[in-house]
Amino acid sequence: MSLEPGGSEQDTLAIRLAGTRPPRRRPRWALDDTTLAIRLPRRGPDEEAVSELAAELADRIGPAVHPYEVAALLEAEGLSASLINERYGHPNLFSLASALYERVPRTFPEPAPGPDPWRPDTLRCLLRGVLFALPGLAYLLTAPLWNAGGHAPALVVAGLVSWAWGQALGHRAHLRMATGRREAGRTLLAGAPVGAAVATAVAALPADGGPVTLVAAAQSAYLAAAGVLLVLGRERLLLAALSPLLAGACLLPWWEPGPALRTGLPLLALLATLTVTGGVLHRALAAPATAGAPRPRLMWSLPYGLFGLAAGVLVLLEGREEPYAVIVLTLSMGPAEWLLYRYRGLSVAALRATATPAGFLLRSAGILGLCLLAYLAPLLPAALLTGADPVALLLLAAVLWTALLLQAFGAAWSSAGICLTAAGAAGAVVLFRLPPGTALALPLSCGAAALCLSACALCLLGRPAPHA
């Protein structure tokens, strides 16, 4: 059905009398005997006025895919039929719209870029990196009060268990956070004390139930409470709770605090952390509950705990040879988290800018390489300044960051399996003194793991689907 005027619906209805023939049309040049026809010359379109209108509306006419869209635009602009006829010389709206559609070339501009949904909070990421390293000041303050050779195994075992438990609990709490803050708080309230108790019980085995078990209990309690605050986004409160440690460490180069302060400042920081954690959990549990939400399976968080255990073993093996490298790695976790956000933002931008899977794969490989380079580049001078082996440190850092990237996209089992294999191989070489030797065990294991993790990242994240 034609939508333009001037069709058959405009024809007049001719009434013919029965028995009469329709009158024969006469030539235009012939004059009627009874009627004088005065014909004025027909006025054509005003091309100049139409061109001015086309230039004025070019930015909105260009994206049109049919003259009817231009007609709707002209109606929205308030052009009446009489104005179209008098000013532009066209008989109707659709005629003028067709002329404008033909005059303006087709242009299909890209939509304006939207805000980056993965824009990182730079200050928060840097603060988290500092918070990961600040608890080490407690060992610096209490170093003269305990025997590192005899007490370290119990503290290391407790730290590994706490790290693995905290990773799994943090993942489960984040899953529950999607349901509500109250559900996440209940998960943390139930899981954090159990994790601290398990870590303390495991540490009591190498400690033979001695006084070092109390130190392991304090360490486990702090790690559990700090994990709760980090999951719930209370980094500033944790920083305030650790201020006694920071103040005591700053005074060490100029003043000997004595055994009382060396013991009291870490205990004060622990009590402050536990108090703050209790208040944060109380506020989380006061939030309204969400009914009917299913609980996530425990197996979903298991690979995150296994990765935490494997990462702890790899960092421990690095710390045996280069203790300062552990400090560098710990501080780098803040920039690592920032780069994880940047990777996701850059991948979304690449998804908008490419039209083929091959093009996106190429861009994804470039983004992965760029983020890895940005993370590893500052670690090279840091390794040289601390006297650590740069090869082993950079390879270990590449393993940790790539595994965290895969975990961020839900590929937890693959990253956990690769890291566990690397940690088991390097640990077996160090423990049983197997070839190729302890000096090459960690670099070779981490190098192979980094290659496997990078291949997994390209295979999984080189497709558009995970970023959509």
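Keep in mind that this is a model prediction, so the values were computed, not measured.

Asker: How should the overall build of the protein be read in this particular structure?
Answerer: When helices and strands are tallied, the protein shows 20 helices and 0 strands. Burial analysis of the protein (468 residues in total) assigns 39% to the buried set. Of all intrachain contacts in the protein linking residues separated by at least 6 positions in sequence, the fraction that spans at least 24 positions is 78%. Only carbon and sulfur atoms are counted for the fraction: they give 66% of the accessible area of the protein, which is about 26500 Å².

Asker: Explain helix 5 (residues 93-103) here, please?
Answerer: Helical geometry: 3.6 residues make up each α-helical turn, so side chains three or four residues apart lie on a common side. Within helix 5 the residues assigned to the buried category are Leu93, Leu96, Ala97, Ala99, Leu100 and Tyr101. Residues of helix 5 that are buried make contact with helix 1 (47-56), helix 2 (58-61), helix 3 (67-76) and helix 4 (81-88).

Asker: Teacher, can you tell me more about the pattern of salt bridges here?
Answerer: When charged atoms on two side chains of opposite charge get close, those side chains can pair. Using the criterion set out here, one finds 8 salt bridges in the structure. Its salt-bridge partner being glutamate 47, residue arginine 103 comes within 1.9 Å of it at the nearest N-O pair. Pair noted here: arginine 103 is in helix 5 and glutamate 47 is in helix 1, with a separation of 56 residues, a long-range link. Residue class for glutamate 47 comes out partly exposed when judged on its relative accessible area of 44%. A salt bridge links glutamate 77 to arginine 60; its shortest N-O distance comes to 2.8 Å. You can see glutamate 77 sitting in the loop between helix 3 and helix 4 and its partner arginine 60 sitting in helix 2, a full 17 residues away along the chain.

Asker: It is not clear to me how the side chain of glutamate 183 should be interpreted in this structure. Could you clarify?
Answerer: Summarising the element assignment, glutamate 183 is placed in helix 9 (residues 181-207). Buried within the structure, glutamate 183 lacks any salt-bridge partner; its nearest side chain of opposite charge belongs to arginine 182, at an N-O separation of 5.2 Å.

Asker: Any chance you could explain the packing of aromatic side chains here in plain terms?
Answerer: When we look at a pair of aromatic rings, we describe it by the centre distance and by the angle of the planes. In this structure the tally under the stated criterion is 2 aromatic pairs. Pairing tyrosine 68 with phenylalanine 94 gives two aromatic rings, centres 5.5 Å apart and planes at 75°, and the pair type is edge-to-face. Taken as a pair, tyrosine 68 in helix 3 and phenylalanine 94 in helix 5 lie far apart in primary sequence, 26 residues in all. Taking relative accessible area as the criterion, tyrosine 68 reaches 33% and is therefore assigned partly exposed. One cation-aromatic arrangement involves arginine 344 over tryptophan 118; the distance from NZ or CZ to the ring centre is 4.0 Å. One cation-aromatic arrangement involves arginine 344 over phenylalanine 409; the distance from NZ or CZ to the ring centre is 4.1 Å.

Asker: What's the story with the nonpolar core in this structure? I'm lost.
Answerer: Within the largest apolar cluster, 52 residues are counted, with the highest numbers of intra-cluster contacts made by Leu329, Tyr343, Tyr375, Val399, Trp401 and Leu405. Residue assignment for this core shows that the elements contributing at least two residues are helix 14 (302-321), helix 15 (323-353), helix 16 (357-376), helix 17 (379-386), helix 18 (390-408), helix 19 (412-432) and helix 20 (438-461). Top element by residues in this core is helix 18. It accounts for 11 residues. Look past the residues within four positions of valine 399 in its chain and what remains in contact with it is Leu314, Cys419, Cys446, Ala449, Ala450 and Leu453. Residues Ala192, Tyr222, Leu238 and Ala249 belong to the second largest nonpolar core, which totals 29 residues.

Asker: What exactly am I supposed to notice about a nonpolar patch on the surface here?
Answerer: On the surface, a nonpolar cluster with roughly 380 Å² of combined accessible area is contributed by Val130, Tyr324, Ile327 and Leu331. Top contributing element to the nonpolar patch by residue count: helix 15, with 3 residues. Relative to the assigned elements, isoleucine 327 resides in helix 15.

Calculation criteria
- Residues numbered from 1 in each chain as written.
- Predicted model: local features only at pLDDT ≥ 70, side-chain atom pairs only at ≥ 80, totals over all residues.
- Heavy atoms only, no water.
- Helix = DSSP H or I, 4+ residues; strand = E, 2+ residues; numbered from the N terminus.
- Buried < 20%, exposed > 50% of the residue type's maximum accessible area, 1.4 Å probe, protein only.
- Contact = heavy atoms within 4.5 Å.
- Areas by Shrake-Rupley, 256 points an atom, 1.4 Å probe, with all protein chains shown as cover.
- Salt bridge = Lys/Arg side-chain N within 4 Å of Asp/Glu carboxyl O.
- Lys, Arg positive; Asp, Glu negative; His and termini not counted.
- Phe/Tyr/Trp six-rings, centres within 6.5 Å; stacked < 30°, edge-to-face > 60°.
- Lys NZ or Arg CZ within 6 Å of the ring centre and 35° of its normal.
- Core = buried A, V, L, I, M, F, W, Y, C linked by side-chain atoms within 4.5 Å.
- Patch = residues over 30% accessible without salt bridge, like charges linked within 9 Å, V, L, I, M, F, W, Y side chains within 5 Å.

From the geometry alone we can't say anything about function, so treat these as descriptive.
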